[in-house]
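A look at the structure
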Amino acid sequence: AQGTTFDELLRHADLAMYEAKKAGRNTYRIFSEDIRSSITESLHLISSLRQAVAQEEFVLHYQPVLDLRTGALIGAEALVRWQNPKLGMVSPGLFIALAEKSGLIVDIGQWVLNEACRQMQAWRTMGAGPLFVSVNLSPVQFSRGNIEAVIAHALQTTGLDPGQLELEVTESTLVADTEKFIATLSRIQASGIRLAIDDFGTGYSNLSYLQRFPVHKLKIDQSF
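My aim in this report is to walk through the structure given alongside it, one point at a time.

Definitions and cut-offs
- Residues numbered from 1 in each chain as written.
- Predicted model: local features only at pLDDT ≥ 70, side-chain atom pairs only at ≥ 80, totals over all residues.
- Heavy atoms only, no water.
- Helix = DSSP H or I, 4+ residues; strand = E, 2+ residues; numbered from the N terminus.
- Buried < 20%, exposed > 50% of the residue type's maximum accessible area, 1.4 Å probe, protein only.
- Contact = heavy atoms within 4.5 Å.
- Areas by Shrake-Rupley, 256 points an atom, 1.4 Å probe, with all protein chains shown as cover.
- Polar contact = N/O pair within 3.5 Å; in protein donor to acceptor, adjacent residues only side chain to side chain.
- Expected span 1.5 Å × (residues − 1).
- Arc of directions from axis to C-beta.
- Salt bridge = Lys/Arg side-chain N within 4 Å of Asp/Glu carboxyl O.
- Axes fitted to C-alpha atoms, helices over the stretch in contact; angles between N-to-C directions.
- Parallel < 35°, antiparallel > 145°, perpendicular 65-115°, else oblique.
- Left-handed = near helix turned anticlockwise from the far one by under 90°.
- Nonpolar A, V, L, I, M, F, W, Y, C, P; charged D, E, K, R; others polar.

**Considering the overall build of the protein chain**
A count of helical and extended segments in the protein chain gives eight helices and seven strands. For the protein chain, the proportion of its 224 residues judged to be buried stands at 40%. Put simply, 61% of the contacts in the protein chain that link residues at least 6 apart link residues at least 24 apart. When the accessible surface of the protein chain is split by element, carbon and sulfur atoms take 53% of a total near 12800 Å².

**Things to note about the side chain of Glu166**
Mapped onto the elements of the fold, Glu166 is located in strand 5 (residues 165-170). At 3.2 Å, the side chain of Glu166 and the side chain of Lys217 are in polar contact. Setting aside its immediate chain neighbours within four residues, Glu166 contacts Phe132, Val133, Ser134, Val135, Arg194, Ala196 and Lys217.

**Some remarks on helix 6 (residues 147-158)**
With twelve residues, helix 6 should reach 16 Å at 1.5 Å per residue; the first-to-last C-alpha distance of 17 Å fits that figure. Those residues of helix 6 not exposed but buried are Ile147, Val150, Ile151, Ala154, Leu155 and Thr158. In an axial view of helix 6, the angular spread of the buried residues amounts to 130 degrees, which keeps them on one side of the axis.

**Topic: the pattern of salt bridges**
By the definition in use, this model includes five salt bridges. The closest approach of N and O atoms between Lys217 and Glu166, which form a salt bridge, is 3.2 Å. You can see Lys217 sitting in strand 7 (residues 217-220) and its partner Glu166 sitting in strand 5, a full 51 residues away along the chain. A relative accessible area of 24% places Lys217 in the partly exposed class. Connected through salt bridges with shared partners, the residues Glu166, Arg194 and Lys217 form a single ionic network.

**Focus on helix 4 (residues 105-125)**
Along its 21 residues, helix 4 runs 30 Å from first to last C-alpha, staying within 8% of the 30 Å computed at 1.5 Å per residue. Trailing helix 4 by a residue or two, Gly127 shows a phi angle of about 95 degrees, which is positive.

**Remarks on the packing of helix 4 against helix 6**
Where helix 4 contacts helix 6, the two axes come as close as 9 Å, and the packing angle between them is 30 degrees. Overall, the two elements helix 4 and helix 6 adopt an arrangement that is roughly parallel. Helix 4 and helix 6 meet at a crossing whose hand is right-handed. On the side of helix 4, the interface is formed by Gln110, Leu113, Asn114, Cys117, Arg118 and Gln121, while helix 6 contributes Val150, Ile151, His153, Ala154, Leu155 and Thr158. In terms of residue class, the contact of helix 4 with helix 6 is made up of six nonpolar, five polar and one charged.

If you want it as structure tokens, here you go:
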């Protein structure tokens, strides 16, 4: 049943509407118990994520970056994982989208940046050489977080050389507010930080507009 009272019908209609928006807006959804279960599960995960941020339940895995010409290790990409006490290791595919939707990605992203810089500086102290660490930034970190101050704080507190930090932004982030992001990225690049565009090919896929962005690396999406 879709509901037996006005309030219940309205509440279920709202739930169906939000599911339609998640599916791309230009569509519709009919309320069902599956929708209720999906939303209940999402709310539970968001609540657990808030607790995870407070208790720092996240860990970083590092994917090596190699120079294909020589085979030498030149850097590492920091990949966040959620070590939940009850669920175990939670894949980013299950929580990153919810973290972005809820705004929790701002706090998670700040922790990731600080931890990645700290670990790279530790490796450097151990004699690892001039490696770089690559960190993914969410569009939400640009729109809701003071990203430049967060980056500066991470470098200052860890002592990492800006040239050993690489920041990855998706193509969709760049085209969302072009002039604003060009200015922000230009200031970030001026400090010596490397910049990379991730998932290229999922947006405009137009090489000409790349001339406007101060990037060092272009990562081609598999679909492209």
